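Listed here are the chains, written in short residue letters.
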Amino acid sequence: MFSIPNIFTCCNLICGCIATYCAFHHGHTLAFMFILGGAFFDFFDGMVARALGKSGRLGIELDSLADVVTFGVAPSAMLFTLFNHVSYPQWMASELWFNVMPFTAFIMAAFSALRLAKFNIDERQHTDFIGLPTPANAIFWGALISSCEPWLTGPHFNAAFLFAFMILASWLLICEVPMISLKFKKNGKNNKTKKLFVVVVVLILAAFAVKGAMSGYVWHELCKGAAVSIGFYVALGIVRSVLP
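Small disclaimer: the values here were computed from a predicted structure and weren't measured.

*Asks:* Talk me through the overall build of the protein; I want residue IDs and the actual numbers.
*Replies:* The secondary structure content of the protein amounts to 9 helices and 2 strands. The linear arrangement of helices and strands in the protein, starting from the amino end, is α-α-α-α-α-β-α-α-β-α-α. A compact globule built from 244 residues would reach a C-alpha radius of gyration of about 18 Å, and the protein, at 18 Å, matches this within 12%. Burial analysis of the protein (244 residues in total) assigns 45% to the buried set. If you take every contact in the protein between residues at least 6 apart in sequence, the share linking residues at least 24 apart comes to 77%. Accessible surface for the protein amounts to roughly 12,700 Å². Of this, 74% is attributable to carbon and sulfur atoms.

*Asks:* How would you sum up a nonpolar patch on the surface? Please name residues and give values.
*Replies:* Where nonpolar side chains cluster on the molecular surface, the patch consists of Phe165, Leu168 and Trp171 and spans about 290 Å² of accessible area. Inspection of the secondary structure assignment puts Trp171 in helix α7 (residues 159–174). On the accessibility criterion, Trp171 (46% relative accessible area) is partly exposed.

*Asks:* Before we move on, can you summarise the environment of Pro135 with the specific residues and values?
*Replies:* Mapped onto the secondary structure, Pro135 falls in helix α6 (residues 134–152). In this structure, the C-alpha to C-alpha distance between Pro135 and Phe111, residues 24 residues apart in sequence, is 13 Å. Residues in contact with Pro135, not counting those within four places in the same chain, are Asp42 and Phe71.

*Asks:* I'd like a description of the packing of aromatic side chains, backed by residues and values.
*Replies:* Per the counting criterion, the structure on display carries 18 aromatic pairs. Note on Phe80 and Phe106: the rings are 5.8 Å apart at their centroids and 40° apart in plane angle, and the pair reads as tilted. One end of the pair, Phe80, is in helix α3 (residues 57–83); the other, Phe106, is in the loop between α4 (95–100) and α5 (107–121), with 26 residues separating them in the sequence. Pairwise contacts between aromatic rings join Phe8, Phe40, Phe41, Phe43 and Phe44 into one cluster.

*Asks:* Would you mind going over the environment of Ala113 in detail, with residue names and values included?
*Replies:* Within the fold, Ala113 resides in helix α5. Sequence separation between Ala113 and Arg57 is 56 residues, and the spatial gap between their C-alpha atoms is 17 Å.

*Asks:* Run through α5, naming residues and quoting values.
*Replies:* The end-to-end C-alpha separation of α5 is 22 Å, in line with the 21 Å expected for 15 residues at 1.5 Å each. All of the buried residues along α5 are Met108, Ala109, Ser112, Arg115, Leu116 and Lys118. Packing partners of the buried residues in α5 comprise α3, β1 (129–130), α6 and α7.

*Asks:* Provide a residue-level description of the nonpolar core, including the pertinent values.
*Replies:* Ranked by internal contacts, the top residues of the largest apolar core, which has 52 residues, are Ile35, Leu79, Phe83, Leu132 and Trp141. For this core, the elements supplying multiple residues, two or more each, are α1 (4–25), α2 (28–52), α3, α6, α7, α8 (191–215) and α9 (218–242). With 10 residues, α6 is the largest single contributor of residues to this core. Setting aside anything within four residues of it in sequence, one finds Trp141 in contact with Pro75, Leu79, Met108, Leu162, Phe165, Met166 and Ala169.

*Asks:* Which residues make up the pattern of salt bridges, and what values go with them?
*Replies:* Oppositely charged side chains may form a pair once their charged atoms are brought near each other. For the structure on display, the rule yields 3 salt bridges. Its salt-bridge partner being Glu221, residue Lys224 comes within 3.5 Å of it at the nearest N-O pair. One end of the pair, Lys224, and the other, Glu221, are both in helix α9, 3 residues apart, so they sit about a helical turn from each other. The buried category is assigned to Glu221, whose relative accessible area is 7%. Taken together, the shared-partner salt bridges in this structure form one network comprising Lys211, Glu221 and Lys224.

*Asks:* Pulling in residues and values, what's your account of the side chain of Asn12?
*Replies:* Note on placement: Asn12 falls in helix α1. By relative accessible area, Asn12 is classed as buried at 0%. Within the structure, the side chain of Asn12 is placed 2.9 Å from the side chain of Asp67, a separation counted as a polar contact. Once residues lying within four places of it in the same chain are set aside, the contact partners of Asn12 are Gly38, Phe41, Asp42, Ala66, Asp67, Thr70 and Phe71.

*Asks:* Tell me about α9, and please be specific about residues and values.
*Replies:* When the terminal C-alpha atoms of α9 are compared, their 36 Å separation across 25 residues agrees well with the 36 Å that a helix rising 1.5 Å per residue should span. Along α9, the residues classified as buried are Glu221, Cys223, Gly225, Ala226, Ala227, Ser229, Ile230, Tyr233, Val234, Leu236 and Gly237.

Reading guide: rules and limits
Residues numbered from 1 in each chain as written. Predicted model: local features only at pLDDT ≥ 70, side-chain atom pairs only at ≥ 80, totals over all residues. Heavy atoms only, no water. Helix = DSSP H or I, 4+ residues; strand = E, 2+ residues; numbered from the N terminus. Rg over C-alpha atoms; globule rule 2.2 N^0.38 Å. Buried < 20%, exposed > 50% of the residue type's maximum accessible area, 1.4 Å probe, protein only. Contact = heavy atoms within 4.5 Å. Areas by Shrake-Rupley, 256 points an atom, 1.4 Å probe, with all protein chains shown as cover. Patch = residues over 30% accessible without salt bridge, like charges linked within 9 Å, V, L, I, M, F, W, Y side chains within 5 Å. Salt bridge = Lys/Arg side-chain N within 4 Å of Asp/Glu carboxyl O. Phe/Tyr/Trp six-rings, centres within 6.5 Å; stacked < 30°, edge-to-face > 60°. Expected span 1.5 Å × (residues − 1). Core = buried A, V, L, I, M, F, W, Y, C linked by side-chain atoms within 4.5 Å. Polar contact = N/O pair within 3.5 Å; in protein donor to acceptor, adjacent residues only side chain to side chain.

Here it is as structure tokens:
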């Protein structure tokens, strides 16, 4: 039960719990850092399990439970606090909307749980994904909120747009759009697409890193680059699903 892969998974869960706490009390940047920490442990727990021959149902179920917290509840908590600071349009300028809208952020946590439950029983998702993976969704929201909060809370954005954006992300989690995984298999049919994705992401992050070095805001620019990279990932999946 207390195998090395499960310890990695529990570290993922602990990072998610801390990220949720930080979202409420210590700001979005620190919350995002712990989401990234959870993603690190999530990436390696499966790898370690396969290397040690310790894969099993317990590890799979534990992994999903940890992912619900780190990649479902934690980014939803970040959205909750953002709803408390975002502008509200005139037609939503009432105490009812101010009090209710922040709690709608947890719709995304529910859809994240649905996504993970679907993944566990969907035999089609052994090599690639159907729908947006929860780590990608969490990294997108963490990166976006950490780097663009002044714009998101400014006059050009409002709670209605944020709600619509959140509903779109929730739909992407459970949609039937095929999206690549970064597991390279010998003679895999999507290896070229995966290599293209990796190259483009490296170029995106490098460009934003250079911009950050010039402006003195490397972390914020890298966060923007991460959000753009996830956007490219989603667009790539949609294009591949449309093209014959």
